[in-house]
Amino acid sequence: MQWTPAINPKRFHLEQLLAVRGVSLDWLNSGDTDPYCAANVARFSFVAADKVIPFHYRGAIADSPEILAWLQELADQAREVQAERGAPVAAVNHGRSLLLLGPTGTGKTHQAYGAIRDLALAGVAARWVVTTAADLYAALRPRHGIDSEAEFRRYRDASVLLLDDLGAERKPTEFTEEINFRLINWRYENHLPTLITSNLVPKEIGARLGDRVTSRLIEMCERVVFSGPDRRRGEAA
Ligand SMILES: Nc1ncnc2c1ncn2[C@@H]1O[C@H](COP(=O)(O)OP(=O)(O)O)[C@@H](O)[C@H]1O
Ligand SMILES: [Mg+2]
C-alpha cells in the first residue's frame, strides 16, 4: 500500500459523501506515518477510484440500502480475514455479488459508481476493474497483436468487478455467450465479488443469458430491482 498524501476533497468530489456518511476530512487526511492505516487506504482508494469512475458519475453516492449492506459485508469480511491472518491491510478478495436490475435511467450505474466510492471510504483495499459488457466484448474480440486471454484474465481475476449493462446487446452471439459464461463461472467458482447491472427484468434473464449463467447468478448474487421513470428524460424535460 503506497503512502498517499492528504487529498483535496474538492478534487475527488468528497464533500457531500463525507457529510452524508458523517466522516470528517480530518480523519481522512490523518495518520502521517503508517501507510497501512485505514485513512491512508481510503486516500489511496479514492485516487484509484478516480481513475476508473467516468466523469459523469464522479460525485455519485449510493443510497440503496441493499448496496450499502453488501458493501458493509465485504468490508467486514475483509477485516475478519485481515485479523485472522495478521495481514497489514484489510483487502476485499472474496464475497457475495450484487445484481442491480431495472429499466434504463433508473440509476443503476450511479449506484454502482457510488458503491466504489463508499468502499474506498470504508478504508479497505479493493482493486476494482470496471467495464460495460459491450466494452468487454470489444476488448476481447480476437485481433492481431492482442492477447485476448491475458486481457480476459484481467477482468476474470479482478478483486472486485463492475460489469455494467449485462444483457443489453440486441443479439447475443456465440462469442458474447461464451464470454459471459466463462467470466461468470470463474467468478462464481472463486467467490469473487462482482457488481452487475442489467436492464433486463428478472423474468427475461433466463431467456437472454441462458440457464447456465442465470443459475450461477441466482446463487452468487443478492438482487436489487430499481424502478421509476428514466431520470435522463426527466432532466431533459
Ligand atoms: N441518486 C441520484 N442522484 C442524482 N442523480 C442521479 C441519481 N441516480 C441517477 N442519477 C442520474 O440519472 C441519470 C440516469 O442514471 P444512471 O445511473 O445512468 O441510470 P441507469 O444506469 O439505470 O441507466 C444519470 O444522469 C445519473 O447521473
Ligand atoms: Mg447504466
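Our structure's up above, just so we're on the same page.
Residues numbered from 1 in each chain as written. Chains lettered and ligands numbered in written order. Predicted model: local features only at pLDDT ≥ 70, side-chain atom pairs only at ≥ 80, totals over all residues. Heavy atoms only, no water.

**Looking at the sheet that holds strand S4 (residues 194-198)**
- With parallel pairing, the five strands of this open sheet are ordered in space as S2-S3-S4-S1-S5. Each of the sheet's edge strands pairs with one partner strand only, and the pair in question is strand S2 (128-132) and strand S5 (221-225). Each adjacent strand pair in this sheet contributes to an overall mean axis angle of 15°, direction not counted.
- Of the pairings in the sheet, the one linking S2 to strand S3 (residues 160-164) comprises five bridges and is parallel in character. (Pairing = 2+ DSSP bridges. Helix = DSSP H or I, 4+ residues; strand = E, 2+ residues; numbered from the N terminus. Axes fitted to C-alpha atoms, helices over the stretch in contact; angles between N-to-C directions.)

**Side note on the site of ligand 1**
- Taken together, 13 residues sit near ligand 1, with Tyr-57, Gly-105, Lys-108, His-110 and Arg-232 positioned nearest.
- Separating an oxygen atom of ligand 1 from a side-chain N or O atom of Lys-108 is a distance of 2.7 Å.
- Within the complex, the protein chains bury 82% of what would otherwise be the 550 Å² of accessible surface of ligand 1.
- Contributions of two or more residues to the shell around ligand 1 are made by helix H5 (108-121) and helix H11 (231-236).
- Partitioning the shell around ligand 1 into residue classes produces two nonpolar, seven polar and four charged. (Near = heavy atom within 4 Å. Polar contact = N/O pair within 3.5 Å; in protein donor to acceptor, adjacent residues only side chain to side chain. Areas by Shrake-Rupley, 256 points an atom, 1.4 Å probe, with all protein chains shown as cover. Nonpolar A, V, L, I, M, F, W, Y, C, P; charged D, E, K, R; others polar.)

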